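Architecture at a glance
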Amino acid sequence: MNKVAFITGATRGIGKQIAITLAKNGCDIAINYRTQNEELETTKKEIEELNVKCFTVQGDVSSFEDCEKMIKEIIEEFGKIDILVNNAGITKDTLLMRMKPEDFEAVIDVNLVGTFNVTKNVIPYMLKQKNGRIINISSVVGISGNAGQTNYSASKAGIIGFTKSLAKEVASRNILVNAVAPGFIETKMTEILKDDVKEEINKTIPLKRIGTPQDVANVVKFLSSEDSSYITGQIIKVDGGMLI
Ligand code: NAP
């Protein structure tokens, strides 16, 4: 029986690459999307071409009710969730002076509360099966901070605390909880940055290149495999050495 992996926000970018990489590794895939669009159909098709199942669930991770509904649907379809990847995330960057309360709340609600909402609904099944992997997508700015991202870096630092605490709570049930902290990765989230800003960022990366979604997906694959069975509560940076 194939392992079942659930990835949130997986219609494009890092989430999509994680879904495809785990599918190539033989997992059946459940992907969450918020907005119905062409990207969803393309991703589903690409996964099914790898001869595994792809089940899609609509929902906003910042809504607890949506998460309850999504997890129920996945359990009805597959009967289990072996691997959970909390990937859905947003930015609303601006200096604190200009940040509206709703911009702060929206980012915390999707990135941090969303991670809680999904995990809270998945964990009873993992506890019952005494097995599971949870991989949360944080960010290097959750460790270092970044001007213009008080909301985002607070949410990503929160995910680090969440990861370490949950790892301690569920280790005795053979559930491993880790986080990946990407640096600067080429996706829709970062394409809004101007070329000169990208060049400046590039100069701070010892490996002298911007990361790809595949760079992140490779580490998620490792953290969901038997090769990482003695690793929990860790935050693995995937940043080309940006934050050494
Ligand atoms: P992206 O291309 O913007 O993709 C984000 C995905 O999350 C989209 O599929 C989006 O779907 C989904 N999403 C957003 N809000 C959602 C919600 N409330 N409920 C369900 N899905 C939602 O971004 P990305 O670069 O791939 O980022 C993926 C993760 O990596 C995020 O957590 C991000 O913070 C983290 N990260 C990225 C970088 C980077 O440099 N790119 C660096 C560090 C960490 P909709 O369009 O339908 O909302």
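Now for a description of the structure that goes with this document.

The rules behind each value
Residues numbered from 1 in each chain as written. Predicted model: local features only at pLDDT ≥ 70, side-chain atom pairs only at ≥ 80, totals over all residues. Heavy atoms only, no water. Axes fitted to C-alpha atoms, helices over the stretch in contact; angles between N-to-C directions. Helix = DSSP H or I, 4+ residues; strand = E, 2+ residues; numbered from the N terminus. Parallel < 35°, antiparallel > 145°, perpendicular 65-115°, else oblique. Left-handed = near helix turned anticlockwise from the far one by under 90°. Contact = heavy atoms within 4.5 Å. Salt bridge = Lys/Arg side-chain N within 4 Å of Asp/Glu carboxyl O. Buried < 20%, exposed > 50% of the residue type's maximum accessible area, 1.4 Å probe, protein only. Near = heavy atom within 4 Å. Polar contact = N/O pair within 3.5 Å; in protein donor to acceptor, adjacent residues only side chain to side chain. Areas by Shrake-Rupley, 256 points an atom, 1.4 Å probe, with all protein chains shown as cover. 1 Å grid on protein atoms, 1.4 Å probe; cavity = no way out; pocket = protein on both sides within 12 Å on 5 of 7 lines; lining within 4 Å. Sits in = over half its atoms within 2 Å of the grid points. Nonpolar A, V, L, I, M, F, W, Y, C, P; charged D, E, K, R; others polar. Points joined across faces, edges and corners; volume = space filled by probe spheres on them. Pairing = 2+ DSSP bridges. Core = buried A, V, L, I, M, F, W, Y, C linked by side-chain atoms within 4.5 Å.

It is the contact of helix α1 (residues 13–24) with helix α9 (residues 213–223), at a shortest axis distance of 8 Å, that shows an interaxial angle of 50 degrees. Comparing the axis directions of α1 and α9 gives the class oblique. At the point where α1 passes α9, the crossing takes the right-handed sense. Residue-level inspection shows Gly13, Ile14, Gln17, Ile18, Thr21 and Leu22 of α1 in contact with α9, the latter providing Pro213, Gln214, Val216, Ala217, Val220 and Lys221.

Right, let's get into the pattern of salt bridges. On inspection of all chains with the given rule, the structure shows eleven salt bridges. Between lysine 45 and glutamate 49 there is a salt bridge whose closest N-O contact spans 3.8 Å. Across the pair, exposure class does not vary: lysine 45 and glutamate 49 are exposed alike. The residue lysine 69 makes a salt bridge to glutamate 73 at a minimum N-O spacing of 3.7 Å. Linking lysine 69 with glutamate 73, this pair stays in helix α3 (residues 64–78), spanning four residues, or about one helical turn. Residue glutamate 73 is classed as partly exposed on the basis of its relative accessible area of 27%. A cluster of three or more residues bridged by salt bridges with shared partners is formed by Lys3, Arg133 and Glu226.

Residues in contact with the ligand amount to 29 residues; listed here are only the nearest, Arg34, Thr35, Asn87, Tyr152 and Thr187. Between the ligand and the protein, one listed contact pairs an oxygen atom with a backbone N or O atom of asparagine 87 at 2.7 Å. Between the ligand and isoleucine 185 there is a distance of 2.8 Å, counted from an oxygen atom to a backbone nitrogen or oxygen. Protein chains shield 95% of the accessible area of the ligand, which is 890 Å² for the free molecule. Mapping the ligand onto the cavity grids shows that it belongs to the largest pocket. Elements with a minimum of two residues in the shell around the ligand: α1, α6 (150–170) and α7 (188–191). Taken together, the residues of the shell around the ligand sort by class into eleven nonpolar, 13 polar and five charged.

Here serine 138 shows up in the loop between β5 (132–137) and α5 (141–144). Take serine 138: its relative accessible area is 1%, and that puts it in the buried class. Once you skip the residues sitting within four places of it in the chain, serine 138 turns out to touch Lys156, Ile159, Ile160, Val180, Ala181 and Pro182.

On to unusual backbone geometry, then. We note that asparagine 51 has phi near 65 degrees; this positive angle belongs to a residue other than glycine. Inspection of the secondary structure puts asparagine 51 in the loop between α2 (38–48) and β3 (54–58). Unusually for a residue other than glycine, lysine 130 sits at a positive phi of about 50 degrees. Mapped onto the fold, lysine 130 is located in the loop between α4 (101–129) and β5.

Turning our attention to empty space enclosed by the protein. By the definition in use, this model includes one cavity of 30 Å³ or more. Size it by volume and the largest cavity reaches roughly 40 Å³. Around the largest cavity, the lining residues are Thr8, Val61, Asn86, Asn87, Ala88, Val110, Asn111, Gly114, Thr115 and Val118. Ranked by residue count, the leading element in the lining of the largest cavity is α4, at five residues.

Time to look at the sheet that holds strand β7 (residues 235–238). Across the sheet, which stays open at both edges, the seven strands sit in the order β3-β2-β1-β4-β5-β6-β7 with parallel pairing between neighbours. Every interior strand has two partners, whereas the edge strands, β3 and β7, have only one. Averaged over all pairs of adjacent strands, the angle between their axes in this sheet comes to 20 degrees, without regard to strand direction. Seen against the sheet, α3 touches β1 (4–7), β2 (28–33) and β3 and runs at an angle of roughly 160 degrees to β3.

The next subject is the nonpolar core. One finds Phe6, Ile74, Ile81, Val118 and Ile134 to be the most contacted residues of the largest nonpolar core, which totals 31 residues. Only β1, β3, α3, α4, α6 and β6 (175–182) provide two or more residues apiece to this core. The contact partners of isoleucine 134, leaving out residues within four places of it in the chain, are Leu84, Asn86, Thr119, Ile123, Met126, Leu166, Ile175, Leu176, Val177 and Asn178.

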